[in-house]
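# A look at the structure
The primary structure of each chain is shown beneath.
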Amino acid sequence: MPSYGRTDIAFEKGEGPYLYSSDGRKYLDFGAGIAVTALGHNHPHLVKALTDQANALWHTSNLYHIPQQQRLADRLVETSFADRVFFCNSGAEAVEASIKLIRKYHSTNGNPERYRLIAFEGSFHGRTLATIAAGANDAHRAGFGPAVDGFDHVAFGNMNEVRNIASEETAGVMIEPIQGEGGIRPADHQFLRDLRTFCDEVGLLLMFDEVQTGVGRTGRLWAHQWSGVTPDVISSAKGLGGGFPIGACLATAEASKGIIPGTHGSTFGGNPLAAACANAVLDVVLEDGFLERVIKMGELIEKELTNLVLQYPKVIKSVRGEGMMWGLKCEVPNSEIVAKALDYGLLTVPAGDNVVRFLPPLIADESHVREAVVIIEHCAQEFAT
Ligand SMILES: *Cc1c(COP(=O)(O)O)cnc(C)c1O
């Protein structure tokens, strides 16, 4: 089905941060398949983990114990606020699981009327019926019938609007610590802290959608760690499998107490192949010094892109982000910058708010960053003249 407006290009090989197209060109991949190939392409440790598991066992279903999945859950719990993990196959499913878990928590507490979630303008949470209702994009909902009930949207960062819209029916708050599709819009850390305080005051659960920001993307394992706030639930996917589809919902024991056998499930979720890949991603991301390097590279990207803003203010308005997640807010159409960068051999991703997204693989080094910046500078020069 023609559900995508595709760029006329196909790739046949990848190596680290580079992609090679079928017509023989080399590209620097600073889109990483929309923040998915966190360790770049053809990473030897991931390839070995995948092929070893492929030679042993692919799938058994969640009717049985899956040791690789158990190990992955143990590691996610050890390194986060969470006590429990549910595995699925995509970001939308991870958000959907989080929504269900939050509703179930209140109904288990004897408050089934508390089912509404406060969500934010500019947000994106996926493409299932519930997640398009949670997201803020009208175009994603158009033509798909009555929206799933239970989502109230307020301005991103506005605590007064949060307080005003909360009612006896509110169950929780869901927010991306940095809006990704919305245009790399970081939430103010104080706003996240205020949300935590408010949720505690009135008995709401706080959920962070970390599908794009998680698994080291911002230089911490989870982006919310920058704010010091402890959530009740988070969703993860994208980078978690390094390119193999897997999603996860992480929650505290209290928040997930309503999830008992039979309440939720997934045929594929956390199968041996997917769990082996995600474990291999964690092997690398949790290595000593890995995230420190992501932070260092992030600082370099910020410095270099900020330079471009100063040099080409008529083309680039501002730069925002954290770690390996950056957005250039443009003064010319973002799609034109993305297309021009592609001509020069650099892959980026457009986002809302006229932003060009940089989502390099977390293994990108200084030379890769400089290569990308040179290309963006060429683009900016062309648009400036
Ligand atoms: C990409 C994304 C999703 C949806 O993930 P899919 O794997 O496409 O279903 C949900 N939330 C956020 C924040 C995302 O960036």
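Since we're looking at a predicted model, the values are computed, not measured.

A count of helices and strands for the protein gives 12 helices and 17 strands. Scaling as 2.2 N^0.38, a compact globule of 385 residues should have a C-alpha radius of gyration of about 21 Å, and the protein matches this with 21 Å. Considered along the principal axes of its C-alpha atoms, the protein spans approximately 65 × 55 × 45 Å. Per-residue burial over the protein gives 54% buried out of 385 residues. In the protein, once contacts between residues fewer than 6 apart in sequence are set aside, the share between residues at least 24 apart is 72%. Accessible area of the protein: about 16800 Å², with a carbon and sulfur share of 53%. Averaging the coordinates of the 33 positive side-chain charges in the protein and doing the same for the 46 negative ones gives two points 1 Å apart.

A few words on the sheet that holds strand β17 (residues 355-358). Taken together, four strands build an open sheet; the order of strands is β13-β14-β17-β16 and the sheet is antiparallel. The open sheet has two edge strands, β13 (316-322) and β16 (349-351), and neither has a second partner. Each neighbouring strand pair of the sheet contributes to a mean axis angle of 30°, computed without reference to strand direction. Of the pairings in the sheet, the one linking β16 to β17 comprises three bridges and is antiparallel in character. Directly across from Pro 350, in β17, lies its bridge partner Val 356. Along the sheet, helix α10 (residues 290-311) contacts β13, β14 (325-330) and β17; its crossing angle with β13, the most-contacted strand, is approximately 170°.

Neighbouring residues of the ligand: Ser 90, Gly 91, Ala 92, Phe 124, His 125, Gly 126, Glu 176, Asp 209, Val 211, Gln 212 and Lys 238. Take Gln 212: an N or O atom from its side chain is 2.8 Å from an oxygen atom of the ligand. For the ligand, whose free accessible area comes to 380 Å², the fraction covered by protein is 82%. Each residue belonging to the shell around the ligand can be placed in one class, and the counts come to three nonpolar, five polar and three charged.

Two elements in contact, α10 and helix α12 (residues 366-384), have axes whose closest approach is 10 Å; the angle formed by their N-to-C orientations is 15°. Judged on the interaxial angle alone, α12 and α10 are roughly parallel. The element α10 and its partner α12 pack so that their crossing is right-handed. Contacts between α10 and α12 involve Met 297, Leu 300, Ile 301, Glu 304, Leu 308 and Gln 311 on the former and, on the latter, Glu 366, Val 369, Arg 370, Val 373, Ile 376 and Glu 377. Classifying every residue of the contact of α10 with α12 by side-chain character gives seven nonpolar, one polar and four charged.

Grouped together as the largest cluster of nonpolar side chains are 80 residues, with contacts concentrated most on Phe 120, Val 162, Ile 175, Leu 195 and Phe 358. Counting residues per element, this core draws most heavily on α10, which supplies nine residues. If we skip the residues at most four places from it in the chain, Phe 358 touches Phe 30, Leu 305, Met 324, Met 325, Trp 326, Leu 328, Thr 348, Ala 372 and Ile 376. Of all hydrophobic cores here, the second largest spans 22 residues; its members include Leu 101, Ala 171, Ala 237 and Cys 249.

Bringing the layout of surface pockets into the picture now. Of the volumes computed, that of the second largest pocket is approximately 910 Å³. In terms of lining residues, the second largest pocket is bounded by 31 residues, among which Asn 62, Gln 69, Val 85, Phe 86 and Phe 87 are the most central. For the lining of the second largest pocket, the elements supplying multiple residues, two or more each, are α3 (67-78), β4 (84-88), α4 (91-108) and β12 (247-251). Among the elements that make up the lining of the second largest pocket, the one with the highest residue count is α3 (six residues). Here the lining of the second largest pocket is composed, by residue class, of 16 nonpolar, 11 polar and four charged.

Further remarks concern helix α9 (residues 272-285). Taking 1.5 Å of rise per residue, the 14 residues of α9 would be expected to cover 20 Å, and the 20 Å separating its terminal C-alpha atoms lies within 8% of that figure. The backbone nitrogen of Leu 273 has a side-chain oxygen 3.1 Å away, supplied by the residue at the start of α9, namely Asn 271.

One pass over the structure, following the stated rule, counts 16 salt bridges. Asp 283 is the partner of Arg 75 in a salt bridge, and the nearest nitrogen-oxygen pair spans 2.7 Å. Placement of Arg 75 in helix α3 and of Asp 283 in helix α9 is noted, with a sequence separation of 208 residues between them. Owing to a relative accessible area of 14%, Arg 75 belongs among the buried residues under this scheme. Here Asp 138 ties to Arg 141 by a salt bridge, and the two come within 2.9 Å at their closest N and O atoms. Note that Asp 138 and Arg 141 are positioned in helix α6 (residues 138-141) at a spacing of three residues, about one turn of the helix. In this structure, a network of salt bridges that share partners links the residues Lys 303, Glu 304, Glu 366 and Arg 370.

This brings us to the pairing of β13. Along a regular strand, successive side chains alternate from one face of the sheet to the other. Inspection of the sheet shows β13 paired to β14 by six bridges, in the antiparallel sense. If you follow Glu 322 over to β14, its bridge partner there is Met 325. Here β13 folds back onto β14, and the loop between the two strands holds two residues, one of which, Gly 323, carries a positive phi near 65°.

For Thr 37, the position within the fold is in the loop between α1 (32-35) and α2 (44-56). Ignoring anything within four residues of it in the chain, the contact list for Thr 37 reads Asp 29, Ala 32, Gly 242, Gly 243 and Pro 361.

Tracing the backbone through its elements, the reader meets Gln 69 in helix α3. Overall, the relative accessible area of 17% leaves Gln 69 in the buried class. There is a polar contact of 3.0 Å between the side chain of Gln 69 and the side chain of Asn 62.

Rules behind the numbers
- Residues numbered from 1 in each chain as written.
- Predicted model: local features only at pLDDT ≥ 70, side-chain atom pairs only at ≥ 80, totals over all residues.
- Heavy atoms only, no water.
- Helix = DSSP H or I, 4+ residues; strand = E, 2+ residues; numbered from the N terminus.
- Rg over C-alpha atoms; globule rule 2.2 N^0.38 Å.
- Buried < 20%, exposed > 50% of the residue type's maximum accessible area, 1.4 Å probe, protein only.
- Contact = heavy atoms within 4.5 Å.
- Areas by Shrake-Rupley, 256 points an atom, 1.4 Å probe, with all protein chains shown as cover.
- Lys, Arg positive; Asp, Glu negative; His and termini not counted.
- Charge placed at Lys NZ, Arg CZ, Asp CG, Glu CD.
- Pairing = 2+ DSSP bridges.
- Axes fitted to C-alpha atoms, helices over the stretch in contact; angles between N-to-C directions.
- Near = heavy atom within 4 Å.
- Polar contact = N/O pair within 3.5 Å; in protein donor to acceptor, adjacent residues only side chain to side chain.
- Nonpolar A, V, L, I, M, F, W, Y, C, P; charged D, E, K, R; others polar.
- Parallel < 35°, antiparallel > 145°, perpendicular 65-115°, else oblique.
- Left-handed = near helix turned anticlockwise from the far one by under 90°.
- Core = buried A, V, L, I, M, F, W, Y, C linked by side-chain atoms within 4.5 Å.
- 1 Å grid on protein atoms, 1.4 Å probe; cavity = no way out; pocket = protein on both sides within 12 Å on 5 of 7 lines; lining within 4 Å.
- Points joined across faces, edges and corners; volume = space filled by probe spheres on them.
- Expected span 1.5 Å × (residues − 1).
- Salt bridge = Lys/Arg side-chain N within 4 Å of Asp/Glu carboxyl O.

It is worth stressing that arrangement in space is one thing and function is another; only the former is reported here.
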